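Below, each chain spelled out in residue letters.
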Amino acid sequence: RSFEELVGQEHVRRALVNALDSGRIHHAFLFTGTRGVGKTTIARIFAKSLNCEKGVSSKPCSECSACRDIDAGRFVDLLEVDAASRTKVDDTRELLDNVQYAPARGRYKVYLIDEVHMLSTHSFNALLKTLEEPPPHVKFLLATTDPQKLPVTVLSRCLQFHLRRLPLQQIQERLAFISEAEKVEFEPAALRAIARGAEGSMRDALSLLDQVLAFGGGRALESEVRALLGTLDRRHVEAILEALAAKDGAALMGCVQQLDERAPDYDQALGELAAAIQRMALLQAIPDLRAEDEEQDQVLAALAGRFSPEDLQLLYQIAIMTRRDLDFAPDARGGFEMALLRMLAFRPEAPPAADSSAPSGAPRAAPSSARGASPASAPSVKVSTSAARPVIAAVPARPPDLAAPGDWPSIVAAMALQGPAGQLAAHCVLVGRAK
C-alpha cells in the first residue's frame, strides 16, 4: 500500500517517487507489462500519494480518510475503469463528460483505465482530445499488457513505464516473507517451485500459494506443490540425468514409465529438465556459484562432471526445442520419450586435434582418411567433419610450387577458377596434399 512496501520495479518506483517529491507531475502515465507485475497496484499507490490529506508526497500517510477510502476502493475522485468491458465510444464520452469539473473531495481527479488497449478507435479519439488539453486537476493513469495496440498519438502524450517480470529469487523471498508472517509451514523448495510456476508474476505466485495451502491443509511442501502443478519431482529429474550420463536406454524408459504413472504435464516436465540442465551448465562453468538449493546443487554438480560442456548445451537445446514441437507429437508422452532418446543418441563430436606440422596461423582441421585413390589428373577432395560443421578441401593434383603448405588463398588464385568452382574453392580450407 506504499512505495516502500512495493516489491521489485525499482526503476519505476524511483521515477515516480522523484516526480512526487519534486512536484513535477505529468498529466498522463502509461504502465505496461505482463499480468501480475504491479501495474494497477502502482497506479493506486500513485493516486493515494496525489490525494493524501497531508499533502502530495511519495509517502502517503495511509491514515487519513482519503488514503483509507482509496485503499478500500471507495474514493469518489478515483475512477477505475476496465476498458475491456467499456469499449464503446459512448462509454468513453460518458466517462470524460465530468473531466472539466473539479474534484469532489480530493486534490486531483484520477482516471485509472485498465487494459486501455481494448478501447475502440473512436474511444481513443475521444480520449485523445482530453489528453491534448487536460484540466490541471485531472491525472490519467493508463495500464495495459499490450502497448503496441495503442495509437502513437496517445503514446506520445503519456510518460511510459515498462514493468518487468519479477526475478524468480525475488518472488521466492517474498513468498517466504508472507509465509513466515502468516505462520505457515513451508519448504524452501516448494516456494521455489511456486515462484518458477508463476513465470515472473507476483500475483500468480500469491494465487498459487493460496491454492497450495488449500491443497496441503495449510502447508506448502515440495511434493504437494509438484503434484498440484504437474511439474517434475527433482528425484525424477536426477534419475533421468543419471540414465543419460550412463547412456542407459532401458533405465531412461523406466524413468518415463514411473513418471507417466503420475500423469504429469510433459511440457512442464521438459521445462523442469531444461532448468536442471541449465543449472548444471552454470555449476560446471562457475564451480563457486552461490547455491540456490544447496542439496540439489550438490547432486547437479556431481552429475555435471559426467557431461562435457558441449553435451549440456546440446541436451538443453533438445529440451527447449521439443517443448516448441510437443503439440505436433502423436501424444505428449511419445514426444517426451523421443526427446530423451534424441538426448541419448546425439553427442557432439570431439574437437579435432591440432596439427603440429601446420603453421601457427593456418586453420586447424581434423585428420581424415582417404577412401580409395583418386586419379592423378583430377583434383582430389578430402572431407573433415567436426563438431561445428563439415570442412571440405579441394586440393589440386599439381599445386603451384610457389604456394606455401598453408597458403590456400594463393593456390586458389593461381588456379584462376571461374564460376561455382571458384566460389567453392574460395570457401574451402587446405587440410593436406594428395600424393
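Residues numbered from 1 in each chain as written. Predicted model: local features only at pLDDT ≥ 70, side-chain atom pairs only at ≥ 80, totals over all residues. Heavy atoms only, no water.

Colleague: So what's going on with helix α7 (residues 168-181)? Which residues, and what values?
Modeller: In this model, α7 (14 residues) spans 20 Å end to end at C-alpha, consistent with the 20 Å of a helix rising 1.5 Å per residue. Considered for burial, the residues of α7 that qualify are Ile171, Gln172, Leu175, Ala176 and Ser179. With its buried residues spanning 135° around the axis, α7 presents them on a single face. Across α7 from its buried face, at more than 90 degrees, point the exposed residues Glu180 and Ala181. Looking at the buried residues of α7, the elements they touch are β6 (185-186), α8 (188-198) and α9 (202-215). (Helix = DSSP H or I, 4+ residues; strand = E, 2+ residues; numbered from the N terminus. Expected span 1.5 Å × (residues − 1). Buried < 20%, exposed > 50% of the residue type's maximum accessible area, 1.4 Å probe, protein only. Arc of directions from axis to C-beta. Contact = heavy atoms within 4.5 Å.)

Colleague: Can you tell me about the environment of Ile45, naming the residues and giving the values?
Modeller: You can see Ile45 is positioned in helix α2 (residues 39-51). With a relative accessible area of 5%, Ile45 lands in the buried category. For the pair Ile45 and Ser62, spaced 17 residues apart in sequence, the C-alpha separation works out to 9.9 Å. Ile45 has contacts with Arg1, Ser2 and Phe3, leaving out every residue within four places of it along the chain.

Colleague: Please provide a residue-by-residue account of the packing of aromatic side chains, values included.
Modeller: Applying the stated criterion across every chain yields a total of 5 aromatic pairs. When the ring of Phe31 is compared with that of Phe161, the centres are 6.0 Å apart and the planes differ by 25°; the resulting orientation is stacked. Here Phe31, found in strand β1 (residues 28-32), pairs with Phe161, found in strand β5 (residues 159-162); they are 130 residues apart in sequence, far enough to count as distant. Here the two residues Phe31 and Phe161 agree in accessibility, since each one is buried. When the centroid spacing of 5.3 Å and the interplanar angle of 20° are considered together, the rings of Tyr111 and Phe140 count as stacked. You can see Tyr111 sitting in strand β3 (residues 109-114) and its partner Phe140 sitting in strand β4 (residues 138-144), a full 29 residues away along the chain. We note that Tyr111, like Phe140, is buried. By the ring-pair criterion, three or more aromatic residues cluster together here, those being Phe29, Phe31, Phe46 and Phe161. (Phe/Tyr/Trp six-rings, centres within 6.5 Å; stacked < 30°, edge-to-face > 60°.)

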